[in-house]
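Observations on chain architecture
Each chain, written out:
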Amino acid sequence: MEQKQQEQNKQSEPDLRNSANDTPWKRFAHPLPSLCFGLDIGGSLSKLVYFQPDDKGGEEEQHKKVMDYLLSNNQYGETGLRDTCLDYHCPLLGGSLHFVKFQTRRIENFIRILHDNKLICSRESIFATGGGAHKYEKLIASELKIASYTIHDEMKSLMKGIHFIFNTAPNECYSLASPDYETRVSYQIHASNGPYLVVNIGSGVSILRVDGEDNFTRVGGTSVGGGTFFGLCSVLTGCQSYSEGMKLAAQGNNYNVDMLVSDIYGGDYKQFNLPGTAIASSFGKMIRPESRQQASKADLARSALVTVTNNIGSIAHLHARLEKIDKVIFVGNFLTGNQISQKALSYAMDFWSKNNIKALFLQHEGYFGCVGSLISSLNEVSSPLSSPSTSSSTISPPSTSPSVPSSST
């Protein structure tokens with residue numbers, strides 16, 4: 001099964017041999033070690049990428065043991081999950097990339113798994129980014145006793161990872177087609193396609209204006225992000241994990257919790273083209289005792305998710321207008337398996353911009369920081385990027401209906 005997946009990935013990988021000016025892509029000046037890790041330790045989730053070389057000649061027993069363990073499991077410990085659907089072969093590196101995530105609060109368990117299973121030896125290196133890379137530096141260095149532990153800047157790693165995967169992973173970027181936002185449409189974008197916004201949704205949210213591969217600026221953000229959703233969900237429903245909160249939200253109806261335009265006007269607010277289903281006040285119905293009794297935990301979770309999503313959409317839309325930008329790329333683990341938010345963000349961008357601002361998404365959502373950290377540690381030979389272009393082709397649909405943006409978006 002593992003081999004079949006890798007063969008499929010190889011068959012669909014992009015051709016990197018020629019660019020617009022026929023300059024061939026070059027490999028990195030120094031080949032990757034036979035095994036290496038990139039780690040992004042966030043406030044809520046940690047993300048890990050590890051590299052599997054094509055050339056296994058002379059592979060040491062230690063490295064073989066590590067790869068056998070990593071590739072024979074899809075779950076590690078209590079919260080560690082491998083995203084096998086995101087694995088892909090990268091000719092530029094001469095091997096394949098594999099992706100794992102786990103809750104940062106379990107970082108000590110992660111280190112224990114590495115140590116107890118002898119998955120890392122004294123000659124290995126870890127390239128890390130994120131706030132936790134600094135917070136847990138002493139713990140990782142003392143427990144694993146590795147050759148080196150290198151920390152890279154979080155935003156630089158994010159952007160380097162995005163641009164690297166843009167140009168090495170097949171069908172990475174996509175949008176959701178209106179009017180139902182059920183169908184994914186492939187969208188080709190390159191570093192030279194700037195300017196565009198990158199909205200990185202982690203525990204909080206950072207918004208970057210990108211004008212080129214190494215030319216970007218943080219223009220804003222908000223403290224209301226994925227951590228806010230998980231925190232609200234935990235308090236309101238008692239859920240124990242982010243995935244449990246997302247499952248509850250998928251089953252709920254926020255209209256039982258949020259006050260709608262129709263609750264105030266008795267229908268649409270036609271003067272400003274606001275449908276009756278637009279949200280006038282998030283959690284607004286909870287001021288009524290009878291509504292509090294009728295609202296289920298799933299309804300509360302859905303309202304928390306929609307509230308956070310609408311806040312992010314509103315701020316992203318306003319920054320796009322302020323910066324005069326028509327492409328907004330949403331990334332981060334908040335979007336993993338989260339079709340509700342993807343559809344709501346797509347609808348909000350289209351509705352409030354009158355189809356002038358495009359919401360875009362990336363397949364590897366929350367893994368760009370760890371990939372960028374890994375790539376930052378390599379002596380890279382400059383490689384040209386393809387010329388600006390956009391194209392579309394239908395690939396695969398998600399499966400939930402869009403949420404209506406709030407009237408303040």
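In this text the structure is predicted, and so the values were computed from the model without any measurement.

**Let's talk about the overall build of the protein**
Each helix and strand counted, the protein has 13 helices and 17 strands in total. Within the protein, buried positions represent 52% of all 409 residues. Within the protein, counting contacts between residues at least 6 apart in sequence, those at least 24 apart form 71% of the total. For the protein, the accessible surface area stands at approximately 18,200 Å², while carbon and sulfur atoms represent 48% of it.

**Details of the packing of aromatic side chains**
Summed over the entire model, instances satisfying the criterion amount to eleven aromatic pairs. Ring geometry for Tyr-265 against Tyr-269: centres 4.2 Å apart, planes inclined by 20 degrees, an arrangement best described as stacked. Chaining the aromatic ring pairs together yields one cluster made of Tyr-181, Tyr-347, Phe-351 and Trp-352.

**Quick word on the pattern of salt bridges**
Using the criterion set out here, one finds eight salt bridges in the structure. For Lys-343, the salt bridge is made with Glu-182, and the minimal N-O distance between the two is 2.6 Å. A residue pair is termed long-range when its members are at least 10 positions apart, and Lys-343 in helix α12 (residues 339–353) and Glu-182 in the loop between β9 (173–176) and β10 (184–186) qualify at 161 residues. Look at Glu-182 and you get partly exposed, because its relative accessible area is 22%. In this structure, the salt-bridge partner of Lys-285 is Asp-263, at a minimum N-O distance of 3.4 Å. You can see Lys-285 sitting in the loop between β15 (279–281) and α10 (289–294) and its partner Asp-263 sitting in helix α9 (residues 261–265), a full 22 residues away along the chain. The exposure class of Asp-263 is partly exposed, given its relative accessible area of 35%.

The rules behind these values
- Residues numbered from 1 in each chain as written.
- Predicted model: local features only at pLDDT ≥ 70, side-chain atom pairs only at ≥ 80, totals over all residues.
- Heavy atoms only, no water.
- Helix = DSSP H or I, 4+ residues; strand = E, 2+ residues; numbered from the N terminus.
- Buried < 20%, exposed > 50% of the residue type's maximum accessible area, 1.4 Å probe, protein only.
- Contact = heavy atoms within 4.5 Å.
- Areas by Shrake-Rupley, 256 points an atom, 1.4 Å probe, with all protein chains shown as cover.
- Phe/Tyr/Trp six-rings, centres within 6.5 Å; stacked < 30°, edge-to-face > 60°.
- Salt bridge = Lys/Arg side-chain N within 4 Å of Asp/Glu carboxyl O.

By themselves, these observations are geometric and do not establish any function.
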